[in-house]
Amino acid sequence: MDFVDSGLYRDITDYAHDTPAWVRHLAEIGTEAGLLVFVALFAAGWWRARHADTRAFAIAALAPVATAVAYVSSEVLKSLVTEERPCRAVTGAAPSLAECPPHGDWSFPSNHATIAGASALTLVLVRRALVWLTAPLSLLMAFSRVFVGVHYPHDVAAGLLLGTVVALTAVRLATRPALRLTEAMRSSSAPAARWLAGPGPQSVTRAVPPRATHPRRR
């Protein structure tokens, strides 16, 4: 089967082979390392939200869960579509920079792009300012899957869309239960539960300076 964007796939992989060796090596590492960056951001978001209000913590806790739901959805869709990888299916294409996955590890949609899209969206829900980091990172991760030769462009485009839609839906459906769970954990008698959920926002009381006393005149 020859997809509409197989020509674009050839152009990108040909370009990849024309880049300096350090760029190709960085792409091979970065296409996987980007996932670790998102994991670190999830952990930082959870830690920061331990001292935030109940809703902020609930969203931060749901972010990786919603991303996992998006990933499972991607795997289910892969098993239904069963699209062969372009590194085997596209004739005349340059060899893939990354090892071509075995037959049965289908191409559509891209799991990496799905995770990237879901992670980018949910992290922005945790903290809006992160959009300047997560949006470019997710797009770069998606492009890198085509650059190293293991996905078609339509695979990563579909993955980004699937990840954002599924993750947003999962967060919206699970927010109320997550709020109740967070409140229960923060009021629990179990130290582990209280540590995981954090103490919540701490009220800051200003110390009132002692009133100056003046000796009475006689």
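Whatever comes next refers back to the structure up there.
Not measured: the values here are computed from a predicted model.

Peer 1: Which residues make up the environment of Ile59, and what values do they have?
Peer 2: Here Ile59 shows up in helix α3 (residues 54-81). Taking the C-alpha atoms as reference points, Ile59 and Ala174, separated by 115 residues in sequence, lie 9.1 Å from one another. Here Ile59 is in contact with Leu125, Val126, Val171 and Thr175, once residues within four sequence places are set aside.

Peer 1: An account of the state of the cysteines is requested, with residue identities and associated values reported.
Peer 2: Counted under the stated rule, the structure contains one disulfide. A sulfur-sulfur distance of 2.1 Å marks the disulfide that ties Cys87 to Cys100. Taking the torsion about the sulfur-sulfur bond, which here is approximately 75°, the covalent link between Cys87 and Cys100 counts as right-handed. Taken together, the residues span a long stretch of sequence, with Cys87 in helix α4 (residues 86-89) and Cys100 in the loop between α4 and α5 (111-126) at a distance of 13 residues. On the accessibility criterion, Cys87 (22% relative accessible area) is partly exposed. Accessibility expressed as a relative area gives 22% for Cys100, which makes it partly exposed.

Peer 1: Before we move on, could you go through the environment of Val37 and cite the residues and values that matter?
Peer 2: Following the sequence through the fold, Val37 ends up in helix α2 (residues 21-49). By relative accessible area, which is 37% here, Val37 ends up partly exposed. With 100 residues separating them in the primary sequence, Val37 and Leu137 have C-alpha atoms 9.1 Å apart.

Rules of the game
Along each chain, the written sequence defines residue order, and numbers are assigned to residues from 1. Since the coordinates come from a predicted model, pLDDT governs what is reported: local features require at least 70, and pairs of side-chain atoms require 80 or more to be given and counted, while whole-chain, interface and lining totals use all residues. The side-chain quantities take in all heavy atoms of the structure and omit both hydrogens and water. Numbering of helices and strands runs from the N terminus, with a helix taken as a DSSP run of H or I at least four residues long and a strand as a DSSP run of E at least two residues long. In this analysis, two residues are considered to be in contact whenever any of their non-hydrogen atoms come within 4.5 Å of each other. When the sulfur atoms of two cysteines come within 2.5 Å, that pair is taken as a disulfide. Whether a residue is buried, partly exposed or exposed follows from its accessible area with a 1.4 Å probe, protein chains only, as a fraction of its type maximum: under 20%, in between, or over 50%, in that order.

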